[in-house]
Structure formats: C-alpha cells, structure tokens
Amino acid sequence: MRIAVPYDNGAVFQHFGRTSAFKFYDVENGEIRASAVHSTNGSGHGALAGFLKDNGVDTLICGGIGGGAQTALSQTGIRLYGGVSGSADEAVRALLDGTLAYDPAVRCDHHAHDHTHTCGSGGCGHGCGKE
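Residues numbered from 1 in each chain as written. Predicted model: local features only at pLDDT ≥ 70, side-chain atom pairs only at ≥ 80, totals over all residues. Heavy atoms only, no water.

Engineer: How should the pairing of strand β4 (residues 31-39) be read in this particular structure?
Structural biologist: Two faces belong to every sheet, and in a regular strand the side chains alternate between them. Relative to β4, strand β3 (residues 21-28) runs antiparallel, the two sharing eight bridges. Directly across from Val27, in β4, lies its bridge partner Ile32. Connecting β3 to the next strand, β4, in antiparallel fashion are two residues, including Asn29 with a positive phi near 50 degrees. (Pairing = 2+ DSSP bridges. Helix = DSSP H or I, 4+ residues; strand = E, 2+ residues; numbered from the N terminus.)

So this is what it looks like as structure tokens:
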C-alpha cells in the first residue's frame, strides 16, 4: 500500500489542488516501511490524480478537496480520506490503526462565488473567510 498526503511543514496541507508536495508512505503489513516527500512540480487539480497514480499511490489522506479532483481520484481507483487536518505522520498512523477521523462528504468548492463550503476541519487556506 502507498499512502499520499498533501504536505506542508509536517502537516496535512488543506487544499489538495494547490499542494506543492506530497509525502508518500510505503506500508507493508500495517507498518510504515518508508516515507519521502515528493514535489508535484506545479501540477494542478487535474494533473494531481495522474501524478499520484503514476507514483503508485492507492490511498490519499487530505484536507479540502473539490468535486472534480474527487472524481479524478475515483476514476484512478485511489481511496480518499478527506477533511483531515494536523500532523501528516499522525494521520497515517491513525488510518493504519483504524482511528482516523475523516469526513466522507468533504468538499472544497472554492470556485463557487457564494462561498458556502467547508474545506476540512482546518480550513482550506484560500482566503475566502471560511477558514
């Protein structure tokens, strides 16, 4: 299993489509065997699902994520655990322990002009005032 987390200074970055790096965790028998941070090289919403799939990711833990990105991930077979905030390492350990608190209905619709959205429990960080 390979888990990816949008990554910023040890934390789950709260806006999937704007992440500049992911931390990948290689898991065997329920234990983290290796981890490393990888740059997205400027990929945006549409390209990130392909980037993750090309890097062997089958599970994503993230904060806010829009509907288009969710669809792209679903089409590549990547499992999504959204609405997560805090330490990236702790989130992965919680997923492996079966204790990860996540929001299966997470949405980040920052492209809408009415700003009636939530972007994970820590805000998506795009400055709309819905932090």
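Structure shown, so let's carry the discussion forward.
Engineer: Would you mind going over the packing of aromatic side chains with me for this structure?
Structural biologist: Two measures describe an aromatic ring pair: the distance that separates the ring centres and the angle between the ring planes. Counting across every chain of the model gives five aromatic pairs. Between Phe22 and Phe24 the ring centres are 6.5 Å apart and the planes differ by 15 degrees, which places this aromatic pair in the stacked class. Of the two residues examined, Phe22 and Phe24, each falls in the buried class. (Phe/Tyr/Trp six-rings, centres within 6.5 Å; stacked < 30°, edge-to-face > 60°. Buried < 20%, exposed > 50% of the residue type's maximum accessible area, 1.4 Å probe, protein only.)

Engineer: Just checking my understanding: could you explain the confidence of the model for the protein for this structure?
Structural biologist: Predicted confidence across the protein gives a mean pLDDT of 82, with 78% of residues reaching 70 or more. Of the regions scoring below 50 in pLDDT, residues 110-131 engages in 45 contacts with residues more than four places distant in sequence or in other chains. (pLDDT = per-residue confidence, 0-100. Contact = heavy atoms within 4.5 Å.)

Engineer: What is the right way to look at the nonpolar core in this model?
Structural biologist: A general trend in soluble globular proteins is that nonpolar side chains are found buried together. Counting 17 residues, the largest nonpolar core has Phe16, Phe22, Leu52, Leu60, Ile65 and Leu73 as its most contacted members. Elements with a contribution of two residues or more to this core: β3, α1 (45-54) and α2 (67-76). When residues in this core are grouped by element, the largest group, four residues, is from α1. By size, the runner-up hydrophobic cluster in this structure holds 15 residues, among which are Ile3, Tyr25, Ala91 and Ala94. (Core = buried A, V, L, I, M, F, W, Y, C linked by side-chain atoms within 4.5 Å.)

Engineer: For this particular structure, what's the right way to read the side chain of Lys23?
Structural biologist: With respect to the helices and strands, Lys23 occurs in strand β3. The class for Lys23 is buried, based on a relative accessible area of 11%. Separated by 2.9 Å, the side chains of Lys23 and Asp89 make a polar contact. Beyond its immediate stretch of four places on either side in the chain, Lys23 contacts Ile3, Ala4, Val5, Tyr7, Ser35, Ala36, Val37 and Asp89. (Polar contact = N/O pair within 3.5 Å; in protein donor to acceptor, adjacent residues only side chain to side chain.)

Engineer: Which parts of the structure should I look at to understand the environment of Ile3?
Structural biologist: Summarising the element assignment, Ile3 is placed in strand β1 (residues 2-8). Owing to a relative accessible area of 0%, Ile3 belongs among the buried residues under this scheme. Once residues lying within four places of it in the same chain are set aside, the contact partners of Ile3 are Lys23, Phe24, Tyr25, Val27, Thr59, Ile61, Val92, Leu95 and Leu96.

Engineer: Would you mind going over the pattern of salt bridges with me for this structure?
Structural biologist: A pair can form between side chains of opposite charge whenever their charged atoms are brought close. On inspection of all chains with the given rule, the structure shows four salt bridges. Here Arg2 ties to Asp26 by a salt bridge, and the two come within 2.7 Å at their closest N and O atoms. Here the residue Arg2 occupies a position in strand β1, and Asp26 occupies one in strand β3, the gap between them amounting to 24 residues. (Salt bridge = Lys/Arg side-chain N within 4 Å of Asp/Glu carboxyl O.)

Engineer: Honestly, the environment of Asn55 in this entry has me stumped. Any pointers?
Structural biologist: Here Asn55 is to be found in the loop between α1 and β5 (59-61). Asn55 gets classed as partly exposed once you look at its relative accessible area, which sits at 26%. When the C-alpha atoms of Asn55 and Phe24 are compared, they prove to be 8.9 Å apart, with 31 residues separating the residues in sequence. Sequence-distant contacts of Asn55, defined by excluding residues within four places in its chain, comprise Arg2 and Phe24.

Engineer: Just to check I follow, could you spell out the pairing of β3 for this structure?
Structural biologist: β3 sits mainly inside the fold: six of its eight residues count as buried. In this structure, β1 lies alongside β3, joined through five bridges in antiparallel fashion. Residue Ile3 lies in a different strand from β3, and its bridge partner there is Tyr25.

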